[in-house]
There are 4 protein chains.
Amino acid sequence: MEKIKVGIVGGTGYTGVELLRLLAPHPYVKLQVITSRGEAGLPVSDMFPSLRGVVDLVFSDPATVDLTQCDVVFFATPHGVAMSQAPVLVAAGVKVIDLAADFRLQDVAVFEKWYKLPHSCTDILKQAVYGLPELYADNVASAQVIGNPGCYPTTVLLGLAPLLENDWIDYSVPIIADAKSGVSGAGRKAEVSTLFSEASDNLKAYSVAGHRHQPEILAQLKKLSGNEAVNLIFVPHLVPMIRGMLTTLHVKLNAEGQQQSLQQVYEQRYHKELFVDVMPAGALPETRSVRGSNCLRMAIYPQTEGYVTIVVVQDNLVKGASGQAVQNMNLMFGLEADTGLQVLPLLP
Amino acid sequence: MEKIKVGIVGGTGYTGVELLRLLAPHPYVKLQVITSRGEAGLPVSDMFPSLRGVVDLVFSDPATVDLTQCDVVFFATPHGVAMSQAPVLVAAGVKVIDLAADFRLQDVAVFEKWYKLPHSCTDILKQAVYGLPELYADNVASAQVIGNPGCYPTTVLLGLAPLLENDWIDYSVPIIADAKSGVSGAGRKAEVSTLFSEASDNLKAYSVAGHRHQPEILAQLKKLSGNEAVNLIFVPHLVPMIRGMLTTLHVKLNAEGQQQSLQQVYEQRYHKELFVDVMPAGALPETRSVRGSNCLRMAIYPQTEGYVTIVVVQDNLVKGASGQAVQNMNLMFGLEADTGLQVLPLLP
Amino acid sequence: MEKIKVGIVGGTGYTGVELLRLLAPHPYVKLQVITSRGEAGLPVSDMFPSLRGVVDLVFSDPATVDLTQCDVVFFATPHGVAMSQAPVLVAAGVKVIDLAADFRLQDVAVFEKWYKLPHSCTDILKQAVYGLPELYADNVASAQVIGNPGCYPTTVLLGLAPLLENDWIDYSVPIIADAKSGVSGAGRKAEVSTLFSEASDNLKAYSVAGHRHQPEILAQLKKLSGNEAVNLIFVPHLVPMIRGMLTTLHVKLNAEGQQQSLQQVYEQRYHKELFVDVMPAGALPETRSVRGSNCLRMAIYPQTEGYVTIVVVQDNLVKGASGQAVQNMNLMFGLEADTGLQVLPLLP
Amino acid sequence: MEKIKVGIVGGTGYTGVELLRLLAPHPYVKLQVITSRGEAGLPVSDMFPSLRGVVDLVFSDPATVDLTQCDVVFFATPHGVAMSQAPVLVAAGVKVIDLAADFRLQDVAVFEKWYKLPHSCTDILKQAVYGLPELYADNVASAQVIGNPGCYPTTVLLGLAPLLENDWIDYSVPIIADAKSGVSGAGRKAEVSTLFSEASDNLKAYSVAGHRHQPEILAQLKKLSGNEAVNLIFVPHLVPMIRGMLTTLHVKLNAEGQQQSLQQVYEQRYHKELFVDVMPAGALPETRSVRGSNCLRMAIYPQTEGYVTIVVVQDNLVKGASGQAVQNMNLMFGLEADTGLQVLPLLP
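Computed from a prediction, not measured in an experiment: that's the story for all the values here.

Turning to the relation of the copies chain C and chain B, a few remarks are in order. Take chain C, turn it by 180 degrees, move it 0.0 Å along the axis, and it overlays chain B with an RMSD of 0.0 Å. With respect to symmetry, the two chain copies, as superposed, fit the operation of a two-fold axis. Interface overlap between copies is the fraction of interface residues in one copy that are interface residues in the other; for chain C against chain B it reaches 100%, indicating a shared surface.

Written out as structure tokens, the structure reads:
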């Protein structure tokens, strides 16, 4: 097979360097171009010495580079960049995978409310696919434009999918997603609040009054359940670790749901998925068990009064971002989902 | 005032050294004796160099020391030790503050089920006071034996007290306490699971199927609400920080509760409490804002459908353990609650 | 005694908040004014919730505030600010303690070379005292302007003073100071290199080719030894901890020095110093043993071939900055050196 | 090529799980057997969930397993185990790679002094090869028994080899190796001193009076330099990070050495080495730039008076232990050195 010519827009953030780590050794990928407004001319390995001897690209100026030479372009950029460049790329037949939010929310009003940006290409949005392969593999395979899911939504949706798909949730009680993320989720931006001396040896909740991933999750919950009544209380927390995300889901089952052996149901649902691991009953998923890998693990705990607690872990930069993006790319080009994604977790 | 002669049983753990940090400079305390089975004969400051020049005690052998010379004895020991020694001390008129669980649970059957120990002095248990001064100040003041609360229960109970006392919770929906603790909560025991290389850069839930603090919290919830129907889903997590505890409470309010201005209610409830800080609406409590201090902070967030989220932070070793114990001692000896406890949080 | 009216210029950094933590409960201090260009009008406790209920000051605009009402002004500002404001304050009889470098280096050319700033008040510089009280207590007591030492210099100079004062070093071999600092030493500035995700779980040397503290240390080494031949190789490292500094000194002793019992010499030299702890032979100083306190600890290890290794630890924000500044203030106002500085280390 | 049948003795420590991470996906390896005295019968992936779905071995009882069926056996065990089992394996033609110290020190008296163990197979020791492939590739390729180097020695020896081989060091001044290690170097043993709450947010030197790696390094320094006069001051430090080792070397060059362009010399010396990266002049190696990879990076800084500082970083568990062991295995079986070792560093 001929190699896939890959472009990366915005390669200086954490999702950018993570794409490079995964794509550089990918057997069917040729890294063609990587752009950075601020760092044009700088060798990539000067910024990321971990890639010395592995990636010999130099950051290109996005103003002058021609991305239509690529087969696929990843946007590891702030919200709003992908939608400004997607029309030209789509017209040229280039596939687009946006790691930001431009193509995640089909409801334009919701997007504009939460991201404070007018949406500039709603026609492309309409054909864009929400890139959660375990739920939408076929759509992903045939997509030209992917809205790569947010990190938190990936944990919530995969944690609940078997219940949603079977209509086993009592929607009169809101789903509670108590979510915890490592600091790399905040990106590689110079900000006081994520300095080592601020974030280390500390824990806080944030965006309790409203986080941008809440409407994204809610839209998918409604879609998957076919039920507009579903409700969600979503509280994210910032944990002093670099990578890793753990989401604790508290759900009330309906009468039918309460009669199921959920352990078995979950195991069967994800049996064929290469990147979802339903752990044995009683197991305690740890974020380090997936550090650096595209794997997502979960465990199911029956609780009192028909409630169930589901704990889901992933590496927020891999399955929660760049790894999932590469998984999407693999499907879009007819490759096995795990091509180039077999890197094992780093433990300890 | 004459100084209080203080004894500490089991001084080599984290609650022990924390008692020393708080009691050594306490203006009305004389550290009389500190025991350790394993370290008898060792100067305390050899084990804890932070106390060099401050504490010149030597660990005494518990088998030979006479604790009845003390005015009060703190037990910073494993569960079961305090109840074995309390009868002699109580008979001699010595006050007892147990930082373990021996005197926390009035229901002996519940104690024995969760701690796998027969309770050996149920008569003393009956007169023991649950040492949460913001709820039971008068009882504490007149107590001879204190069961110092668990760290998690302190956050849950102070976070919910205004709702419980006013009967504003809809008990048809379980209270969810999604709690997160720093690693010092596991104590200073040589165990693989709390090694730096296991616990650092990692996050996990633990004891999801049942944690010993669950029955303790539940007993108090029932007592404070006067309602046997109250239910609780309690999920603790282990966070890679030394000190600090953050508990996220999700509660459904009843019709009356939904009509209240909770911010105002909470501020009034805790207005006179020296160690409880209700933060302004929208604030985000961080564990580091109480690091090393006896302060507990909380914030209240109204949610959808009559739910409210309450985020509570404390230092698990201070307000969650040794600081609360000293606060109890102060009340028991007629001192201001904050005597010797005015140490400010260490931030950053 | 009447309270000392204290002003703090630049209160939003880590040395600023640390001054507040130490000065707010100081029995002879009245916090009069604290300035911030960027945060004028903001209550201090909004920025630092750890001070809620303790500090009720609001940040003042430095352009409009009159600092001559103070008895002493601390500058917790970037290099260059103190020297621009010192003339007015000195003329008004206000004492000045600069935590930056403006008054540390008597050689103006050296200052200007390393700090890339013209020195604007060299006359005040001439009378300024290098505020290392264990070496220059008398000068400090009578000083009007203090150049508070850098964090690294404090460890090196106190670690070597007994050898320098006795002329026991073989200066034909450079002194090697292999120094390690926690990240708070880099300040509370929004920079990528000190983000949690960059600095955590990582170690690096920095400024190997030349750090600003090198000339400061060297000037003092020459002064204390009276020997121009002394030389220094200084390599600082950045360690993933918030607070703490450990400096490992490797020195060759001369013939006379090799005949000394250094353990005894050091113990005698620092016997009366409240904040210097010479640990017993063989002890291993840990940074956490001084966390949050003004104490500096050291241990002495004889090595092969007449070499000696000295390990020194301190909290870089306390003895390495704000605590030392308060110690200087105490001496300048005739107080005991440890007034308000008796806070114990936080361990664990 | 037929797959290499691999046995691992002592698979429950960090070097054990790291061998599994590297060997499980190795294209020419068949993991045949892994033993554990304490965990016999337990599936490996129960202990290390990071290997779920990847390693399906069960820990075998070392008392009953026949290791002579293997082509090579790695010992990831305490000192003394390998030498007790090596004779049988060597007699059966099995290759042995010991990650402990049994085959590192040719001087039996030195071994017995530092490891407090009698050496039970000195004949095998004599033919054992010190497995530092960049120095002894040919010997490694033909070896039957490898003493895999200690983590610290690897950094010191590769950092100094170009100087030693060219005889450019002034041995009248001791070499100073100020070394810093992440906590995983202490192994996966339940000990108080490496608990998270002890080691986090802390820094200390340890074994200043003498560390077991000192004689190992010294023996190699003498061998490589051919000079018995070489001396070494070695001070290790414990840094709060899981993985990573940084060694700062301070060396005095002799007259000839002072005339060299060391940057160029080092680059040429290591040009062909797949796992040694000489960074450009002025670069600052960070441990995270090699996290999880077998790469070792260094930078060279000329200093005053003919001194040079060399900073070397590696992942202590990979190039400092298990990765180097696999590199040795590759050479012993005629494979390219980097076969199965091309995993990229995990940054951030």
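Often, the extent of an interface is quoted as the loss of accessible area on bringing the components together. Facing 29 residues of chain C, the contacting portion of chain B comprises 29 residues. Where chain C abuts chain B, roughly 2500 Å² becomes buried across the two surfaces, and 68% of that area is made up of carbon and sulfur atoms. Here chain C and chain B share two salt bridges between them. The interface formed by chain C and chain B holds eight residue pairs in polar contact (both at pLDDT 80 or more) in total. For the side of chain C that touches chain B, the secondary-structure elements that each account for two or more residues are α1 (14–23) and β11 (276–278) of chain C. Ranked by residues supplied to the side of chain C that touches chain B, first place goes to α1(C) with four residues. For the side of chain C that touches chain B, the per-class residue count stands at 19 nonpolar, three polar and seven charged.

Here we take up the domain arrangement of chain A. Residues and elements named next belong to chain A. Domains assigned within chain A are domain 1 (4–127) and domain 2 (152–316). Relative placement of domain 1 and domain 2: their C-alpha centres are 27 Å apart. Counting residues at the interface gives 13 residues for domain 1 and 11 residues for domain 2. Broken down residue by residue, the surface that domain 1 buries against domain 2 is led by Tyr 14, Arg 104 and Trp 114, which jointly contribute 50%. Where domain 1 packs against domain 2, one counts two salt bridges. For Glu 18, the salt bridge is made with Arg 243, and the minimal N-O distance between the two is 2.7 Å. Seen at the junction of domain 1 and domain 2, the total is five residue pairs in polar contact (both at pLDDT 80 or more). Of all elements in the fold, only α1 (14–23) and α4 (108–115) reach the threshold of two or more residues within the side of domain 1 that touches domain 2. Taken together, the residues that form the side of domain 1 that touches domain 2 break down as seven nonpolar, three polar and three charged.

Under the criterion given, the structure shown has 64 salt bridges over all chains. Here Arg188(D) and Glu198(B) are joined by a salt bridge, their closest N and O atoms 3.6 Å apart. Taken together, the residues span two chains, with Arg188(D) in the loop between β7 (175–181) and α8 (196–199) and Glu198(B) in helix α8 (residues 196–199). Salt bridges linked by common partners bring Glu18(A), Arg21(A), Arg243(A) and Asp315(A) together as one network.

A few words on the interface of chain B and chain A. Contact residues are listed per partner, giving 44 residues for chain B and 44 residues for chain A. The junction of chain B with chain A conceals about 3800 Å² of combined surface from both sides, 58% of it contributed by carbon and sulfur atoms. At the junction of chain B and chain A, the tally comes to six salt bridges. Of the charged contacts in the structure, one is a salt bridge between Asp178(B) and Lys180(A), with a shortest N-O distance of 2.8 Å. The interface formed by chain B and chain A contains 26 residue pairs in polar contact (both at pLDDT 80 or more). When contributions to the side of chain B that touches chain A are tallied by element, the ones reaching two or more residues are β7 (175–181), α8, β8 (204–205), β9 (232–238), β10 (245–252) and β13 (307–314) of chain B. For the side of chain B that touches chain A, the element with the highest residue contribution is β9(B), accounting for four residues.

Between chain B and chain A, the superposition needs a rotation of 180 degrees and an axial shift of 0.0 Å, giving an RMSD of 0.0 Å. Looking at the interface residues of chain B, 100% of them are also at the interface in chain A, so both copies use one shared face.

Looking now at the packing of helix α7 (residues 151–166) of chain D against helix α9 (residues 213–225) of chain D. Residues and elements named next belong to chain D. Orientation of α7 relative to α9, taken along the N-to-C sense of each, is 20 degrees, at an axis distance of 10 Å. Viewed along their axes, α7 and α9 adopt a mutual orientation that is roughly parallel. Viewed along their axes, α7 and α9 form a crossing whose handedness is right-handed. Where α7 approaches α9, its residues Cys 151, Tyr 152, Pro 153, Val 156, Leu 157, Leu 160 and Leu 164 are matched on the opposing element by His 213, Glu 216, Ile 217, Gln 220, Leu 221, Leu 224 and Ser 225. Grouping the constituent residues of the contact of α7 with α9 by class yields 10 nonpolar, three polar and one charged.

This next bit is on α1(A). With respect to burial, α1(A) is a largely interior element, nine of its 10 residues being buried. Residues of α1(A) that are buried include every one of Tyr14(A), Gly16(A), Val17(A), Glu18(A), Leu19(A), Leu20(A), Arg21(A), Leu22(A) and Leu23(A), and no others. Here the buried face of α1(A) lies against β1 (4–9), β2 (29–35), α2 (44–47), β3 (72–75) and α12 (318–332) of chain A together with α8 (196–199) of chain C.

The next subject is unusual backbone geometry. The peptide bond linking Leu347(B) to Pro348(B) adopts the cis configuration, its omega dihedral lying at 5 degrees. Phi is positive for Asp167(D), which is not a glycine, with a value near 60 degrees. In this structure, Asp167(D) sits in the loop between α7 and β7. Despite not being glycine, Asp201(D) shows a phi value in the positive range, around 50 degrees.

With that settled, the discussion passes to the pairing of strand β4 (residues 95–98) of chain C. All names here are of chain C. Bridge count between strand β3 (residues 72–75) and β4: four bridges; the pairing is parallel. Considered in β4, the bridge of Phe 75 is made with Asp 98. Regarding the hand of the β-α-β motif, the stretch spanning β3, helix α3 (residues 81–91) and β4 is right-handed. As defined by bridge partners, β4 adjoins strand β6 (residues 145–147) across three bridges and the pair is classed as parallel. Note that in β6 the partner of Val 96 across the bridge is Val 145.

Take the pairing of strand β2 (residues 29–35) of chain C next. Residue and element names in this part refer to chain C. β2 sits mainly inside the fold: five of its seven residues count as buried. Pairing between strand β1 (residues 4–9) and β2: six bridges, direction parallel. From the neighbouring strand, Ile 4 faces β2, where its bridge partner is Val 29. Handedness of the crossover joining β1 and β2 through α1 is recorded here as right-handed.

UniProt records the feature "domain: Semialdehyde dehydrogenase NAD-binding" (unreviewed entry) for residues 5–143 of chain A in the present numbering. Each end of residues 5–143 of chain A is marked by a C-alpha atom, and these two atoms are 17 Å apart; helix forms 35% of the span and strand 16%.

A few words now on the packing of aromatic side chains. One pass over the structure, following the stated rule, counts 14 aromatic pairs over all chains. Between Phe196(B) and Phe196(D), the aromatic rings sit 5.7 Å apart at their centres with planes inclined by 10 degrees, giving stacked as the arrangement. Of this pair, Phe196(B) sits in helix α8 while Phe196(D) sits in helix α8, which puts the two residues in different chains. According to the relative accessible area criterion, Phe196(B) is buried, its value standing at 2%. Arranged with centres 6.4 Å apart and planes meeting at 80 degrees, the rings of Tyr130(D) and Tyr136(D) form a pair that is edge-to-face. The residues Tyr130(D) and Tyr136(D) share a single accessibility class, namely buried. In this arrangement the basic side chain of Lys95(B) is found over the ring face of Phe333(B), its NZ or CZ atom lying 5.6 Å from the centre. Between Lys223(B) and the ring centre of Tyr136(B), over which it is positioned, the NZ or CZ distance is 4.5 Å.

Quick notes on the rules
Each chain carries its own residue numbering, running from 1 in the direction its sequence is written. The lettering of chains begins at A and the numbering of ligands begins at 1, in the order of writing. Where local features are concerned, this predicted model is filtered to residues with pLDDT of at least 70; where side-chain atom pairs are given and counted, the filter is 80 or more; whole-chain, interface and lining totals use all residues. Heavy atoms throughout the structure, all of them, feed into the side-chain values; hydrogens and water do not. To superpose the copies, least squares is applied to the C-alpha atoms of every residue with a pLDDT of at least 70 in both. Should any heavy atoms of two residues lie within 4.5 Å, those residues are counted as being in contact. When two components associate, each loses some accessible surface as probed by a 1.4 Å sphere; the sum of these losses over both components is called the buried area. Any Lys or Arg side-chain nitrogen located within 4 Å of an Asp or Glu carboxyl oxygen qualifies as a salt bridge. Contacts described as polar in this section are N or O atom pairs within 3.5 Å, which, within protein, must combine one atom able to donate a hydrogen with one able to accept it, while residues neighboring in sequence count only if both atoms come from side chains. Under the DSSP-based scheme used, a helix requires at least four consecutive residues in state H or I and a strand at least two consecutive residues in state E, with every element numbered from the N terminus. The nonpolar class holds Ala, Val, Leu, Ile, Met, Phe, Trp, Tyr, Cys and Pro. Asp, Glu, Lys and Arg form the charged class, and all remaining residues, Gly among them, are polar. By convention here, the domain bounds are inherited from an automatic or database domain assignment. Only C-alpha atoms enter the line fits that serve as axes; for helices the fit covers just the stretch in contact. Angles between N-to-C directions range over 0 to 180 degrees. Working definition: roughly parallel below 35 degrees, roughly antiparallel above 145 degrees, roughly perpendicular at 65 to 115 degrees, and oblique for all remaining angles. We call a crossing left-handed when the near helix sits turned anticlockwise from the far one by less than a right angle, and right-handed when that turn is clockwise. Exposed residues in this analysis have more than 50% of their type's maximum accessible area, buried residues have under 20%, and partly exposed residues fall in between, with area computed by a 1.4 Å probe over protein chains only. Should DSSP find at least two bridges between two strands, the strands are taken to pair. Handedness rule for crossovers: strands pointing away from the viewer, path from the first strand over the helix to the second running clockwise, crossover right-handed. UniProt positions are given in the numbering used here, feature names are shortened, and annotations may be inferred rather than shown by experiment. Centres within 6.5 Å are what make two rings of Phe, Tyr or Trp a pair, Trp counting through its six-membered ring; a difference in plane orientation under 30 degrees is then read as stacked, over 60 as edge-to-face, and the rest as tilted. Whether a charge lies above a ring is judged from NZ of Lys or CZ of Arg, which has to be within 6 Å of the ring centre and within 35 degrees of the ring normal.

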